[in-house]
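# Reading the structure
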Amino acid sequence: MTRDDNANDNRTRRNFLTATAVVGTAALAGCSGGGSGDETTTGMDTTMETTSEMMDTTTEETTTEEMSKPHPDLDVLNYALTLEHLENAFYREGLNTFSDDELMGADAVSKFNETVRMDVPEYLKVADEHEAAHVKTLSATIEKLGGTPVEEAEYDFGYETPSEYLTTAKALENTGVAAYAGAAPMIKDNDILGPAAGIHSVEARHASFLNMVNSSSPFPKAVDEAKSMDEVIEIASQFITSDMGGSETTQEMAEEPTADRKKDDGTGDVKILNYALTLEHLENAFYRDGLENFSDDELMNADVLSEYGDELRMTVPDRLRAVGEHEAAHVKAITNTVKKLGGTPVEEAEYDFGYGTASEFFGVAKALENTGVAAYKGAAPSVSNDDVFSAAIGIHSVEARHASFLNELNVSNPYPKAVDEPKTMKEVKEIAGQFIVQ
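The structure displayed is predicted, hence computed values, not measured ones.

Analysis parameters
Residue positions are given per chain, counted from 1 along the sequence in the order it is written. With the structure being a predicted model, the display of local features is reserved for residues of pLDDT at least 70 and the display and counting of side-chain atom pairs for 80 or more, all residues being used for whole-chain, interface and lining totals. Computation of side-chain values: all heavy atoms of the structure, hydrogens and water removed. Helix and strand labels come from DSSP, where a helix needs a run of H or I of at least four residues and a strand needs a run of E of at least two; each type is numbered from the N terminus. We call two residues in contact whenever any of their non-hydrogen atoms come within 4.5 Å of each other. In this description, accessible areas are obtained by the Shrake-Rupley approach with a 1.4 Å probe, and a residue is regarded as covered only by the protein chains that are shown. A pair is scored as a salt bridge if a Lys or Arg side-chain nitrogen falls within 4 Å of a carboxyl oxygen belonging to Asp or Glu. Relative accessibility thresholds used throughout: buried, under 20% of the residue-type maximum; exposed, over 50%; partly exposed, between the two (1.4 Å probe, protein chains only). The criterion is simple. A nonpolar core is a set of buried Ala, Val, Leu, Ile, Met, Phe, Trp, Tyr and Cys residues joined through side-chain atoms within 4.5 Å. In this analysis the probe radius is 1.4 Å and the grid spacing 1 Å, with only protein atoms considered; a cavity is a set of points the probe fits into but cannot get out of, a pocket is an open set with protein on both sides within 12 Å along at least five of seven lines, and lining residues have an atom within 4 Å of a point. Grid points are joined across faces, edges and corners, and a volume is the space filled by probe spheres set on the points. Classes in brief: Ala, Val, Leu, Ile, Met, Phe, Trp, Tyr, Cys and Pro nonpolar; Asp, Glu, Lys and Arg charged; the others, Gly included, polar. Here an axis means a line fitted to C-alpha atoms, over the contact stretch when the element is a helix, while the angle between two N-to-C directions is reported on a 0 to 180 degree scale. Angle categories: roughly parallel below 35 degrees, roughly antiparallel above 145, roughly perpendicular from 65 to 115, and oblique for all the rest. Note: crossing handedness is left-handed where the near helix turns anticlockwise from the far helix by less than a right angle, and right-handed where it turns clockwise. The predictor's confidence in any single residue is recorded as pLDDT, a number from 0 to 100. Within 3.5 Å is the distance limit for a polar contact, defined as a pair of N or O atoms, with the added protein rule that one can donate a hydrogen and the other accept it, and that residues adjacent in sequence qualify only through two side-chain atoms. Stacked, edge-to-face and tilted labels apply to pairs of Phe, Tyr and Trp rings (six-membered ring for Trp) whose centres lie within 6.5 Å, assigned for plane angles under 30 degrees, over 60, and everything in between, in that order. Here a helix's expected span is defined as the number of its residues, less one, multiplied by 1.5 Å.

### Details of the overall build of the protein chain
- Of the regular secondary structure elements, the protein chain holds 17 helices and zero strands.
- By sequence separation, contacts in the protein chain at least 24 residues apart represent 90% of the contacts at least 6 residues apart.
- Approximately 18300 Å² of the protein chain is accessible, and the part contributed by carbon and sulfur atoms is 47%.

Dropping the structure here:
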């Protein structure tokens, strides 16, 4: 959607910039979550409370002298809140506009069977609930850090049909993934970075599902690309039709020297990269061996896929091959990076994944991909080199896209929590060790 009135477009762009107190940082972005039913809603509330507590810990240990300076991440948080408001309004208004039957009957999803079509309104409602929760949490965190939360604006999303609504949802979610990838290396506070990484991967899970229902690849690239602030503003400002109140932080204040983004845990980047490489070797071997063991027909006719129609099942073998190609690309990229940093890349081991049927193969794939998401999130705050961190974040969200799709194939919620949880190196190594035989 493009505005015809250039003057109004320029005004909207200025409002967007002013509201977020632009300081050269990009968006946390999107902040979408997932869940379904009473159990998932309870999990969402618990996760959001934990996230808020983690984000707020900096205020508990701040000295009087430090309190006189604005928190270095206030502008990033307000930028995130601006985009959260936008997505929250998008889902809220769309779900008020279209009934479940209209969404299920959208031309965009007409070729899918009832199982997929019934998922659409359910998961859109989950996204709506989580966007509202993220707005609440971000606003509270900004206030506790001494900032002024940006307010919700007025919007015009330009859709008229359920299919157009689904297309816009896809665009917003994928923009959120790219925007976060551009912003993440600029976050200074690990108490904010950790939860933000969990939000980023949930954004990618949303994008994966919405890509799928829009008949696009859930994971189009091996590493998700970043968008700059200008690119994100260009997209977001198309939908904003009113002024917004925002943070009063100035550029000079926000750019004062701050603490480095690095957890003081004694780990170096080579160690973390070899840890990631161990997991990528495992996943690469898993898909390589599995795709050699099972024919396309065996994969498409797996019992676990019996609830789905031909339109989805026929895409599965090629999409699994794409996942396998991604894992191989991750192995190559991380191996080269370890060498460039003067380290020795860990080698591939021998594995026993324990599956006997195609359905069991899908079950193990789901477990591995979700473990990968938790592993990358847990390790993110320990990375020192910003270039390494940027690449890792791009892989992190692709693992989340894989996990979302594998969850769906296993008839599970693509995004079961509002914020993906981390796992420690010890926890991940215990899981991976179950498959390593030598």
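Past the structure itself, the notes keep going.
### A few points about the pattern of salt bridges
- Tallying each qualifying case throughout the model produces eleven salt bridges.
- With a closest N to O distance of 2.8 Å, E348 and R288 form a salt bridge. Residue E348 is located in the loop between α14 (316-340) and α15 (358-379), and its partner R288 is located in helix α11 (residues 269-293); the two are separated by 60 residues in the primary sequence.
- Of the residues examined, E348 reaches a relative accessible area of 34% and is grouped as partly exposed.
- For R321, the salt bridge is made with D296, and the minimal N-O distance between the two is 3.0 Å.

### Concerning the nonpolar core
- With 105 residues, the main nonpolar core has L124, Y165, F286, F353 and F362 as its most contacted residues.
- Per-element tally for this core: the top contributor is helix α4 (residues 74-97), with twelve residues.
- Leave out the neighbours within four places in its chain, and F362 touches L299, A302, V304, L305, V316, L320, L406, L409 and N410.
- A204, V373, A400 and A403 belong to the second largest nonpolar core, which has six residues in total.

### Comments concerning empty space enclosed by the protein
- For the coordinates displayed, the defined rule picks out three cavities of 30 Å³ or more.
- In this structure, the second largest cavity occupies an estimated 60 Å³ of space.
- As for the second largest cavity, its lining consists of L279, L282, E283, L368, T371, G372, V428, I431 and A432.
- Looking at the lining of the second largest cavity, the elements with two or more residues in it are α11, α15 and α17 (425-433).
- Per-class residue counts for the lining of the second largest cavity are six nonpolar, two polar and one charged.

### Some points on the packing of helix α7 (residues 162-183) against helix α8 (residues 190-213)
- Direction vectors running N to C along α7 and α8 enclose 150 degrees, while the axes themselves pass 8 Å from each other. Put simply, α7 runs roughly antiparallel to α8. Regarding α7 and α8, the two cross each other, and that crossing is left-handed. Facing α7, whose interface residues are A169, K170, L172, E173, N174, G176, V177, Y180 and A181, α8 presents L193, A196, A197, H200, E203, A204, H206, A207, L210 and N211.
- Across the contact of α7 with α8, the residue classes break down as eleven nonpolar, five polar and three charged.

### Re the confidence of the model for the protein chain
- Averaged over all residues, the pLDDT of the protein chain equals 83, while 79% of them reach at least 70.
- Note that residues 56-65 has pLDDT below 50 and, in this model, eleven contacts with residues that lie over four places away or in other chains.
- In the predicted structure, residues 246-259 sits below a pLDDT of 50 and forms 24 contacts with residues beyond four places in sequence or in another chain.

### Notes on the side chain of N274
- Tracing the chain through its elements places N274 in helix α11.
- Judged by relative accessible area, which is 15%, N274 ranks as buried.
- Polar contacts involving the side chain of N274 include one to the main-chain amide nitrogen of V346, which spans 2.8 Å.
- Once you skip the residues sitting within four places of it in the chain, N274 turns out to touch V338, T344, P345 and V346.

### Observations regarding the layout of surface pockets
- Volume-wise, the second largest pocket comes out at about 380 Å³.
- Together, 25 residues line the second largest pocket, and L273, I334, V388, A391 and A392 are the ones closest to its centre.
- Contributions of two or more residues to the lining of the second largest pocket are made by α11, α14, α15 and α16 (386-409).
- If one sorts the elements of the lining of the second largest pocket by residue count, α16 sits on top with eight residues.
- Of the residues assigned to the lining of the second largest pocket, the class counts are 20 nonpolar, three polar and two charged.

### Digging into the packing of helix α6 (residues 114-144) against α8
- Following both chains from N to C, one finds α6 and α8 inclined at 145 degrees, their axes separated by 11 Å at the closest point. Crossing angle aside, the handedness with which α6 passes α8 is left-handed. Within the contact between the two elements, α6 uses V116, D119, V120, Y123, L124 and A127 and α8 uses H206, F209, L210, M212 and V213.
- Its residues assigned to classes, the contact of α6 with α8 shows nine nonpolar, one polar and one charged.

### Section: the packing of aromatic side chains
- This model, assessed by the stated rule, comprises 24 aromatic pairs.
- Relative to Y165, the ring of F98 has its centre 5.8 Å away and its plane inclined at 50 degrees; by these criteria the two rings are tilted. One end of the pair, F98, is in the loop between α4 and α5 (100-104); the other, Y165, is in helix α7, and 67 residues separate them in sequence. The burial state of F98 is the same as that of Y165; both residues are buried.
- Between Y355 and F361, the ring centres sit 5.3 Å apart and the planes meet at 80 degrees, which makes this aromatic pair edge-to-face.
- Residue F361 is classed as buried on the basis of its relative accessible area of 0%.
- Clustering of aromatic rings is evident, with ring pairs tying together F286, Y287, F294, Y351, F353, Y355, F361, F362 and F435.

### Comments concerning the environment of I436
- Within the secondary structure, I436 is located in the segment after α17.
- Taking the C-alpha atoms as reference points, I436 and Y351, 85 residues apart in sequence, are found 4.5 Å from one another.
- When neighbours within four sequence positions are excluded, I436 is seen to be in contact with L282, A349, E350 and Y351.

### A word on α16
- Here α16 spans 35 Å end to end across 24 residues, near enough to the 34 Å set by a 1.5 Å rise per residue.
- Counting buried residues along α16, 19 of its 24 residues qualify, which places the element largely inside the surrounding structure.
- Directly after α16, the chain includes V411, whose backbone phi takes a positive value near 55 degrees.

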